[in-house]
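Letter by letter, the chains look like this.
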Amino acid sequence: MLQLLPTLSPAFRIAEPGEFTRLAFEAGKMDLTEVEGIRDLVEADTEVQRRLAARQAGGHMRKVYDELRSSVIEAMSLVEALIDFGEDEGISEGVFDQAKGKVSTLLGLIKKHLDDGRRGEIIRSGFQIAIIGPPNAGKSSLLNWFAQRDAAIVTATPGTTRDVVEVSLDFHGFAVTIADTAGIRETLDEIEAIGVERARQRASQADLKILVLDGSDVMTEDQSLLDSIDSSTIIVLNKADLSPATKSTSPASTELDVESRLLSSDKDWIGKSSSSPFLHMSVTERTGLDEFTSNLKSLLLERFKLSDDMEDTPLVTHARHRRHLEECVGFLESFLTMEPDDIVLAAEELRYTTLALGRITGAVDVEEVLGEIFRGFCIGK
């Protein structure tokens, strides 16, 4: 087909990336959220990503943003009426308070959308998991099990992994990036020390941390490793096949030392208050992995599953959505602090809010983002 194009009339040419969608946007048939939805649908790798992108491309988010903008305009109309006719028509009584009531309700709604744990953005870009732990605890073996291939080198020598090794996969419909990291410990080796620092950085950036400990050994890990435990951490006790507790050779096993030290700490992690605060497994023997997979799947479903209820759809799917909504929060909070004597300034805050919402949907001032959005399209579309 491409070879035939030069033989056709000069009126024929190859379409630019996203040209058909851009024409629809410029003709007012679509807004920017729908355009982004089409691009996300093209780029989607998993079923959950496809469902979210399809809802966005179908206009669900456009409807919500239009409703938010309409609410701001309602409040603005009350304030403008006070500015234009208040003194002459005697309509000032209670009108400004009425506008404040509408703005307060709207502010609560926007904050609710923002306080979603970045659910939409994580579904779209992928869930980041960092496997952390001391050297030789089985972190790389766990990554290889996820990848179903030898993605990371595994040896009996502690400190084999020196850098971050990533694997991206479709985990039960969710886009997940899993990172194996260097074993965290104090070291004089310059190269290993760099790897340890990168491991700590990746742990701080991850949406979920899987802390892998050697369940057959005494708890002697670096304190900074224990400091990384928080409410987004799953604790795995690996090498259950070597654990004295598994072999039932001693009631005072070293595995219990690991558990006792963690349970007596003030740290909180996923499942701490449950009947099974730790996940016991042996990656080499393939035991306990089914339970681990089930727990991880349940965690993802609880946080990110898209139900059939359209109201369950995350409103914020891109960083620019969040940025402009946060601008709206600032403008609306400023409006609520103003008194009737500052009504002209108050009206400006509402005007800024409508502009910020308009930038999300493409109603105003969007030239700077059009190139970035359409650059991700394939030819045509």
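Everything quoted here is computed from the prediction, not taken from an experiment.

Along the backbone of the protein chain there are 15 helices and six strands. Relative to its full complement of 381 residues, the protein chain shows a buried share of 47%. The long-range fraction of contacts in the protein chain, counting pairs at least 24 apart against all pairs at least 6 apart in sequence, stands at 70%. As displayed, the protein chain offers around 19,300 Å² of accessible surface, 51% of which is attributable to carbon and sulfur atoms.

Our focus in this paragraph is unusual backbone geometry. Even without a glycine there, the phi angle at His172 is positive, about 55°. Tracing the backbone through its elements, the reader meets His172 in the loop between β2 (165-171) and β3 (174-180). Owing to a relative accessible area of 45%, His172 belongs among the partly exposed residues under this scheme. Although it is not a glycine, Lys239 adopts a positive phi angle of roughly 60°. In this fold, Lys239 is placed in the loop between β5 (233-238) and α10 (244-247). A residue is classified by how much of its surface remains accessible, and Lys239, at 19% relative accessible area, is buried.

Turning to the nonpolar core, a few remarks are in order. Judged by nonpolar contacts, the single largest core of 68 residues is most densely connected at Tyr65, Ile110, Leu142, Phe146, Val176, Phe292 and Leu350. Counting residues per element, this core draws most heavily on helix α4 (residues 60-89), at ten residues. Residues contacting Tyr65, with those up to four places away along its chain left out, are Thr33, Leu315, Val316, His321, Leu325, Leu357, Ile360 and Thr361. Core analysis: the second largest hydrophobic core is formed by 18 residues, Ala199, Leu213, Ile235 and Phe278 among them.

Pairing between the strands of a sheet comes from backbone hydrogen bonds, and it takes one of two forms, parallel or antiparallel. The mixed open sheet is built from six strands, whose spatial order is β2-β3-β1-β4-β5-β6. Of all strands in the sheet, those with a lone pairing partner are β2 and β6 (279-280), marking the two edges. Here strand β1 (residues 127-132) runs beside β3; their pairing, made up of five bridges, is parallel. For Ile129, the partnering residue across the bridge sits in β3 and is Ile178.

Tracing the backbone shows Lys100 in helix α5 (residues 95-114). Buried and without a salt bridge, Lys100 has Glu339 as its closest oppositely charged side chain, separated by 4.8 Å. At 3.2 Å, the side chain of Lys100 forms a polar contact with the backbone oxygen of Leu336. With residues near it in sequence (within four places) discarded, Lys100 still touches Phe335, Leu336 and Met338.

Further remarks concern the pattern of salt bridges. Enumeration according to the criterion identifies 20 salt bridges in this entry. In this structure, Glu333 and Lys111 form a salt bridge, with 2.9 Å as the shortest nitrogen-oxygen distance. Of this pair, Glu333 sits in helix α13 (residues 319-336) while Lys111 sits in helix α5, and the two are 222 residues apart along the sequence. Judged by its relative accessible area of 38%, Lys111 falls in the partly exposed class. Put simply, Arg162 and Asp189 hold a salt bridge, and the shortest N to O gap is 3.5 Å. Taken together, the residues span a long stretch of sequence, with Arg162 in the loop between α7 (139-147) and β2 and Asp189 in the loop between β3 and α8 (190-205) at a distance of 27 residues.

Within helix α1 (residues 19-26) the residues assigned to the buried category are Glu19, Thr21, Ala24 and Phe25. Just beyond α1, the residue with positive phi is Gly28, at close to 80°.

For the rest of this paragraph, the subject is the side chain of His318. With respect to the helices and strands, His318 occurs in the loop between α12 (289-304) and α13. Overall, the relative accessible area of 5% leaves His318 in the buried class. Not counting residues up to four positions away in its chain, the partners in contact with His318 are Glu36, Arg39, Asp40, Gln56, Glu121 and Arg124.

Below, the discussion takes up the packing of α13 against helix α14 (residues 343-361). Where α13 contacts α14, the axes come no closer than 9 Å and their chain directions differ by 170°. Judged by the angle between their axes, α13 and α14 are roughly antiparallel. Counting all contacts with α13, which are made through Arg320, His321, His324, Leu325, Glu327, Cys328, Phe331, Leu332, Ser334 and Phe335, the residues of α14 involved are Ala346, Glu349, Leu350, Tyr352, Thr353, Ala356, Leu357, Arg359 and Ile360. Considered class by class, the residues forming the contact of α13 with α14 number eleven nonpolar, four polar and four charged.

Basis of the calculations
Residues numbered from 1 in each chain as written. Predicted model: local features only at pLDDT ≥ 70, side-chain atom pairs only at ≥ 80, totals over all residues. Heavy atoms only, no water. Helix = DSSP H or I, 4+ residues; strand = E, 2+ residues; numbered from the N terminus. Buried < 20%, exposed > 50% of the residue type's maximum accessible area, 1.4 Å probe, protein only. Contact = heavy atoms within 4.5 Å. Areas by Shrake-Rupley, 256 points an atom, 1.4 Å probe, with all protein chains shown as cover. Core = buried A, V, L, I, M, F, W, Y, C linked by side-chain atoms within 4.5 Å. Pairing = 2+ DSSP bridges. Lys, Arg positive; Asp, Glu negative; His and termini not counted. Salt bridge = Lys/Arg side-chain N within 4 Å of Asp/Glu carboxyl O. Polar contact = N/O pair within 3.5 Å; in protein donor to acceptor, adjacent residues only side chain to side chain. Axes fitted to C-alpha atoms, helices over the stretch in contact; angles between N-to-C directions. Parallel < 35°, antiparallel > 145°, perpendicular 65-115°, else oblique. Nonpolar A, V, L, I, M, F, W, Y, C, P; charged D, E, K, R; others polar.

Just distances and angles here, no functional claims.
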